[in-house]
Structures are given as C-alpha cells and as structure tokens.
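Residue-level structural notes
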2 protein chains.
Amino acid sequence: MHIQEIRVTPIALADPPLLNAAGLHAPYALRTIVEIVTNDGIYGLGEVPGSADTTAALEAAAEVLIGQDPFQLNAIYRGLVERFGVDDAQRHLVAWEHRRIVHVYSAIEVACFDIMGKATGRPVCDLLGGRVRDRVDYSAYLFYKYEGAGGELGFGTDPQATGWAAARQRAALDPDGIVAQAQAMCREFGFKSIKLKGGVFPPDHEVATILALRDALGPGTPLRLDPNAVWKVETAIASGRMLEGVLEYYEDPVRGQEAMATVRRALNIPLATNMATTAFEHIPGSVRLGSEDIILSDHHHWGGFRATVELARICRTFGRGLSMHSNSHAGISLAAMTHLAAALPNLAYACDTHYPWQSDEVLVKGRLKFEDGALPVPTGPGLGVELDRTKLAELHESYLCCGLTRRDDQVEMQKMQPGWVFQATRW
Amino acid sequence: MHIQEIRVTPIALADPPLLNAAGLHAPYALRTIVEIVTNDGIYGLGEVPGSADTTAALEAAAEVLIGQDPFQLNAIYRGLVERFGVDDAQRHLVAWEHRRIVHVYSAIEVACFDIMGKATGRPVCDLLGGRVRDRVDYSAYLFYKYEGAGGELGFGTDPQATGWAAARQRAALDPDGIVAQAQAMCREFGFKSIKLKGGVFPPDHEVATILALRDALGPGTPLRLDPNAVWKVETAIASGRMLEGVLEYYEDPVRGQEAMATVRRALNIPLATNMATTAFEHIPGSVRLGSEDIILSDHHHWGGFRATVELARICRTFGRGLSMHSNSHAGISLAAMTHLAAALPNLAYACDTHYPWQSDEVLVKGRLKFEDGALPVPTGPGLGVELDRTKLAELHESYLCCGLTRRDDQVEMQKMQPGWVFQATRW
C-alpha cells in the first residue's frame, strides 16, 4: 500500500461573532481538509486550522507523501522535517498557531491513521492502545459574543431559527447573557462541565460571570475560566482568590511559565495551560518552574495522535493532569479528538470543543451528535466518518467567497470597535 | 477477535559461567515464553526473564486475558493492575527485576503486538510508527568468565567445539582474555561497539581491560564499561578519569541517582544507566539531579513497546540519549528488541544483547543471524518469527531438570568461591 494522491481543500465554516482576548471571530472559521488516497483506493481524512500558508504547505507535502506507505509515520515525519526545514527542536521559537510542521504533520498523521484503521478494519482508537472509555465527555464552551449567526448572515441573525440555533445567535455580554447561553447549550447537548472564554471584559466582570454560573448551575458544576493570558499576575491572583473553591481549573490567567508558576503558588486552584506549555520543548521549563497543574493537549498543535499519547505519559510522569483544547472545527477533527481521548488513560476532564458554535459540516450523515454531553466513540474502521464531497465543495466555495486567508481576530474586532488593538497584558 | 488461550512455558537456556557484580551466571538462564492464541487461530509470542513467580503470574493473567481483544492494550493493562494490585505508581519501590506487573504486561503486550501484526499483515515495527532503520546495530557484550560452556556441560567444555562456540567456552579473567573474547566475538558477529560487564574485579583491573581493548581494537571503537553500581563515588571518579576520551559511555559506575549525578559532574564521559533511572517514577529525580546522559531502555522492564516509545520521547524532551539493555535471552526477545529499536528515531547506540552467549533457540529456522554486527528488521507480519514447539518442549525439559526457579547469581558464585556475598558497594 502506498499513497497515490493528497487532496487539500481549504474550507470556511460559518462562525458567530465570538469575543476573546485576541479580538473577535470572523463570520467564517477557516479549516483545511486533507484527503490522502492510497493506490488501493482507501482514503484517509485529516483536518487542521486553516490558512493559506497551511494549505500551501500541505500541498507541498505531496512530494514527501506520494509513494510512501501510510504506516511509515516516522519516515513521513522525517521527510516533512527535511522538506520544511523546521524540526521540533525549534518549536519553542514560535507560538503554536504558527508551527507549520506540526499542523502539516498532524493533518497527515490523522489521515494516515484513518487509512490504517480502514486497512485493518479497526477504529483509530484501537491503533492507539485501545479505548479506556466508550464515551468521551465534552464541555460547554461559553463565549461573550455579539448578536449574530456568522456565515452568510455575517453579524446578522436568522429570525426563523429555533432552539439552540436561535440561542446561538443571541448576544451574551454580561453574566445574565452567559448564564442563558450556558443553559441553552447544556439543554441542547447535555454538557456537564463549563468553560468560559475570558480575557474580554475587565476581570471583575468575568469573575462575576463565573459566580453567576455557579449560582445558576449549582456548586457541583465544574467551571473553568480562560483569560487567555492577558491578566497581570496581581490581577490573576486577586481574581483567583474569589474563585477558589469555585473553579475546576483556571486556564492561562497570565502569560508565560514564570508568571503561571507565581500565580499557581499563590492560589489554591489548579492552573491549566494551552499557552505556557505548548510543545515538548517547554516541558523542562514547566517541570523546573511548576508552571501548571494541567496541560491541555491538542493533537493539531502537539504533532498528532502519537505525540499526544506521549504527552499523556509525560503528564503522568510529572504529576500533571491532562485535558484537551479545541479551536473552531468540523467533524473530522471532532472524530479524531474523540478517538484520541478514548485512548488516553489519564484524561480526567471533559474536552473542550467549539463544535456547537458551528453549523456546517463536511460529513456524510451530517453533524455528530452529543448524547448527554458526550460523544460515543465510533466503532467503525478508521475515524468512522465519511466525507461528503458536495458539502466539501460548498464549504470550499464559502472559503473562496469569504476572502479570508488566515485568522485575524484583531481585524474583525476593529470592524466593531475601530482602533481596537490586541494587548498581550491588558488588565 | 478475542483471546482464547494463553500458554506459559518456563524454559532454561544453556548459559556460560559469566561473572558480574551479583555473582555468577548459572549453567542455565531462565526465560518464560508466552503464547497467546486467538479465537481465529492466530498466535502471538512473548518472552521475559524467567522465574517461578513470573510464570505463576502469567498463568494467573489468563483470567484477565481470556475473551479480551488483543488490540485493547489499555484495557488489558488496567485489568492486570486490578488483578495484581500493583500500579506503576509503586514501581519505584522495587528493583526492576522484581516488578511483576511490568514483566507480565511486557510479555503480554509483545504477544498482542505479534497478533496485531499477523492480523493486519504488518511487521510489529509498522505498528510502532514504522521503521527509521532497516538494520539494528548490536554491541559485543563481553564478560569476565570462568572456563565453561553452560547447559548440560555445566562448567565443563565441549572439546569438539570450533569457532565462536569454542571461544565462548574459554575463561576470560584478565585483559588478554577479554581482548581475545572481543576479537572472537567481533570476528563471528561483526559487532562494532563493545561493552564490558565490570564490577567483578578491582577497578584497576577493569580499567586496564578497557585500555587493552582500546589498544587492541583501535581508538575509534566505541567502548562501554558497566560496573553495575558497586563502585564508590571516589573510585568511579578516579577510574573514570583514566577513561575519559576512551569510553563511549560509562554505565552505572555507582548506585543511585545522587551518586550518579556526582560522578557525572566530575567527569567528561557520558554516564548511562539501567539501574538508577529504571521506571517512569524515576524520571523526575533524574531530571532534578541530572543523574545520567543516557538511559538504557528495555521493553521487558519498562512495560512493553509503547512504554518504551514513550520513554524515547521523554529522552528527547530532556536531552537524554537512548540505548538498549539486555539480559540473557532467546530469539523472541531479540526479534522484539529489533522491531522496537527499528521504530525509535532517537536510538543512537548499538543495542546490548547477550544472544551470542546462548546457543539454544525456540524458533523455527533456529537462531537469528547477525550480519556485520546488525540484525535486519524482519519484514514479515508480526514479530516475523515462529515458535518451534519441539524445541520449546526440550527447553522446558531443561527447565524442569535444572532445578532453578529464579536467578540467583550469588548462590552460583558461592559454588566457586564459598562464602562469597554480594556487596552493594564493593570498591
């Protein structure tokens, strides 16, 4: 068996105007879909955060992949490193959203696992040591947001929408709005854990939102707050004091391992990160400084399934908890996350997902369905999902029409608030 | 597919009277062979260091395994931990040769990988990320020894023996004897790297042996010395000073991570270990203290193939080199080591093997053959070796006849030197 073709398709998914420390989500979230086709007609799917750069790199990766056996992941990785000239030894130099080799390899590795699963008649999780759970819990991922639906509607809304589709359109800019969002999302999907994307409003406003969620949902609900590292150390400590006993974990309140370690020492709340410790090269610093209690994995950003299994071992070895991060994504990523999560013995938290915020899908049979806040682990071969090429073509058309070539939340924010600029430390 | 049967067979391999810090090898080395048979008639092979305790534990493991899918390694591990009540969190409490759960799981995991490979038509290394090399280099493993062949001959010799079979019988108690042993072994197998098991004679004698090897084989030959931790720190430093620029690495000159770190700081030679850092629980101490430069993996003792791949990632993450340890073993272990080594990108040293010292084999087609110091990675499905059940029965008979139920090098040594006792620190 060898790889005969790689098809790379940038797509755009309708995305609502979600606020975060970097600005505002555009009406479309970009993803890149990879299909790898073998000489015996098996195809494997991968999905990664989209950008023109990632698409071009994946297209250029064809010269490494064509003729290669999809089981030869080590050789493929080495070939990509040779082609792109970026070894993981350099990954500490750039933020994870810019690590080209990691995104490229992650997309390809997932597609190769899909092929391996189909070729062997096994779900992907079985090629990762097998499932330790039959259902993977996800969390409700709450956002402050402006009114708007995203996609063709831009920041407009669809008056015909009902249920969660209507709730999703509503603005949520204060505690009441977020509580209503949480209730609507949990009603629809059954999520048991809740994460609030912070770093948007002054810290007191966000602390008040968390406390409102606690009051509305009961003290037993696991709550997380993620200010995306734009708080000063003293702000994070002062805010954190009000959240001790309330938060399940406190995610990246401050920037960098040193600052995280300082906050962690000052508080009695588990600290989590997907910003301070985001590559294997950061692990020695994490261990030396004690910068967090919990690492948020993400196979798109850590270098694929196998790298994440290895990260999980490192977490066990050094007493770190393990959770899972997400970006806006479609169902191929969700299926991949679910297989991976199923095979990680020490994954102890509900995984993040942006999936409820998107409505488009590239899968035959449409969108994956949460049951009681969880996804059942697919039992069919490979990832267990099939590509709907008509939908793919439509979403590629959206990509071409929307004019976006990379994510830039600052530019989107400036359309709403002229002159707004990102600040690495805001409060 | 599910596991229908597990067959556990203790065997004894003829073994020469090899000297080491713990005493003397008995005329037989014990191994336990595991066959796992599935309902569709596939069988998988595993091999681990033998003892009555390991055999009993593997037999008891049947209640966990029967009915289980061999791909469900995480579930099998969890089941074994539940059955034996020893989690890897406790592995730091016992020396690695006594870690029952690790030996049991390692044997079973290798057999399951053999099954997975056969079921999918893939060599085992392809299920570990694929080969990064087509040949795995091994090292010449030299021992001070008494005259003797081992096995039925005990400490006698076979006068008909020729070539390496004759050389293997000869005593080697001084530098000249070891140089002759090295030359005979390298002539026969083509090894390029050389390891001397030390900790047997006073340090000056062993240093002189290394220097004699350097003189006889040329300064370009990678040489290693392993005193098995019986030297004092000051002895190890004084001896090490004479070996700077001579040794490729200095393996476990002293006992424990603190002492290793002290020796490492004092010398300009890479320090290696399979005694100070031997479990994931030891990694934090290794990182904190800087106890070694190189970790010797061993899938039998670290918990199987996947654990070793994870160890390899830890070594890359923390700037440790990676090599591979061995005990006396037969061809199932050698095939497993070769597949694993083929899939470890950062394995940078020739692997240890005792294989030339054994002459028995349980494989159809007999003993695996080194070519120019290396083994070609098997390309057939699974481990790529088949069990010769006639040979297995014979070697089981040897086990029953030899009367040994566990390795005890002190008892063997006392037969030669009455009153000899092991000393944890001898010089």
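Use the structure listed above.
A few points on the structure.

The rules behind the values
Every chain is numbered independently, its residues counted from 1 as its sequence is written. Key to labels: chains lettered from A, ligands numbered from 1, both in the order written. Reporting of local features is limited, given that this is a predicted model, to residues whose pLDDT is at least 70; pairs of side-chain atoms are given and counted only at 80 or more, and all residues count toward the totals for whole chains, interfaces and linings. Side-chain metrics rest on all non-hydrogen atoms present in the structure, leaving aside hydrogens and water. Helix numbers and strand numbers start at the N terminus; a helix is a DSSP run of H or I with at least 4 residues, a strand a run of E with at least 2. C-alpha atoms define the radius of gyration, and 2.2 Å times the number of residues to the power 0.38 defines the globule rule. Type-normalised accessible area, obtained with a 1.4 Å probe on protein chains alone, sets the label of each residue: buried when under 20%, exposed when over 50%, and partly exposed for intermediate values. Contacts are residue-level and defined by heavy atoms, with any inter-residue pair within 4.5 Å sufficient. Each accessible area value is a Shrake-Rupley result obtained with a 1.4 Å probe; residue values ignore everything except the protein chains displayed when judging cover. Under the counting rule used here, the positive set is Lys and Arg, the negative set is Asp and Glu, and His together with the chain ends is not counted. For this purpose, a charge sits on NZ of Lys, CZ of Arg, CG of Asp or CD of Glu. Salt bridge criterion: a side-chain nitrogen from Lys or Arg within 4 Å of a carboxyl oxygen from Asp or Glu. In superposing the copies, a least-squares fit is computed on C-alpha atoms, taking residues whose pLDDT is at least 70 in both. Every axis in this analysis is a line fitted to C-alpha atoms, fitted for helices over the stretch in contact. Angles between the N-to-C directions lie between 0 and 180 degrees. The scheme is simple: roughly parallel for angles under 35 degrees, roughly antiparallel for over 145, roughly perpendicular for 65 to 115, oblique for anything else. For any helix crossing, the convention is left-handed if the near helix is rotated counterclockwise from the far helix by under a right angle, and right-handed if that rotation is clockwise. Asp, Glu, Lys and Arg are counted as charged, while Ala, Val, Leu, Ile, Met, Phe, Trp, Tyr, Cys and Pro are counted as nonpolar; the rest, among them Gly, fall into the polar class. Two strands pair if DSSP finds at least two bridges between them. By definition, the crossover connecting two strands over a helix is right-handed if that path, from the first strand to the second, turns clockwise as seen with the strands pointing away from the viewer.

Assigned secondary structure in chain A consists of 15 helices and 14 strands. Against the globule reference of 22 Å for 427 residues, chain A gives a C-alpha radius of gyration of 20 Å, in line with a compact fold. Considering only C-alpha atoms, chain A reaches an extent of 60 × 55 × 40 Å along its principal axes. Counting across all 427 residues of chain A, residues that qualify as buried make up 64%. Residue pairs in contact within chain A that sit at least 24 positions apart in sequence constitute 73% of those at least 6 positions apart. Total accessible area on chain A stands at roughly 14,500 Å², and carbon and sulfur atoms take up 50% of it. The averaged location of the 51 negative side-chain charges in chain A is 3 Å from the averaged location of its 40 positive side-chain charges.

It is worth spelling out the pattern of salt bridges at this point. Residues and elements named next belong to chain B. Following the criterion strictly, the structure yields 48 salt bridges over all chains and no others. For Arg122, the salt bridge goes to Asp126, with nearest N and O atoms at 2.9 Å. In this structure, the salt-bridge partner of Arg264 is Asp293, at a minimum N-O distance of 2.9 Å. Here Arg264, found in helix 9 (residues 257-266), pairs with Asp293, found in the loop between helix 10 (283-289) and strand 12 (294-297); they are 29 residues apart in sequence, far enough to count as distant. Its relative accessible area of 28% is what places Arg264 among the partly exposed residues.

For the rest of this paragraph, the subject is the relation of the copies chain B and chain A. Expressed as a screw operation, the relation of chain B to chain A combines 0.0 Å of axial shift with a rotation of 180°, fitting to an RMSD of 0.0 Å. Put plainly, the chains are arranged around a two-fold axis. Of the interface residues in chain B, 100% have counterparts in chain A that sit at the interface too, so the contact is made through matching surfaces.

On to the packing of helix 3 (residues 73-84) of chain A against helix 4 (residues 100-120) of chain A, then. Residues and elements named next belong to chain A. Between helix 3 and helix 4, whose axes approach to 11 Å, the crossing angle comes to 155°. By the angle between their axes, helix 3 is roughly antiparallel relative to helix 4. The handedness of the crossing between helix 3 and helix 4 comes out as right-handed. Contacts between helix 3 and helix 4 pair Leu73, Ile76, Tyr77, Leu80, Val81 and Phe84 from the former with Arg100, Ile101, Val104, Tyr105, Ile108, Glu109, Cys112, Phe113 and Met116 from the latter. By residue class, the composition of the contact of helix 3 with helix 4 is 13 nonpolar, no polar and two charged.

Moving on, we get to the pairing of strand 10 (residues 247-251) of chain B. Residues and elements named next belong to chain B. Most of strand 10 is tucked away: four of the five residues are buried. In terms of strand pairing, strand 9 (residues 223-226) meets strand 10 through three bridges, oriented parallel. Within strand 10, the residue paired with Leu223 across the bridge is Leu247. The parallel pair strand 9 and strand 10, bridged by helix 8 (residues 233-241), forms a crossover whose chirality is right-handed. Note: strand 10 against strand 11 (residues 271-273), two bridges, orientation parallel. Along strand 11, the bridge assignment pairs Tyr250 with Leu271. With respect to chirality, the unit in which strand 10 leads through helix 9 into the neighbouring parallel strand 11 is right-handed.

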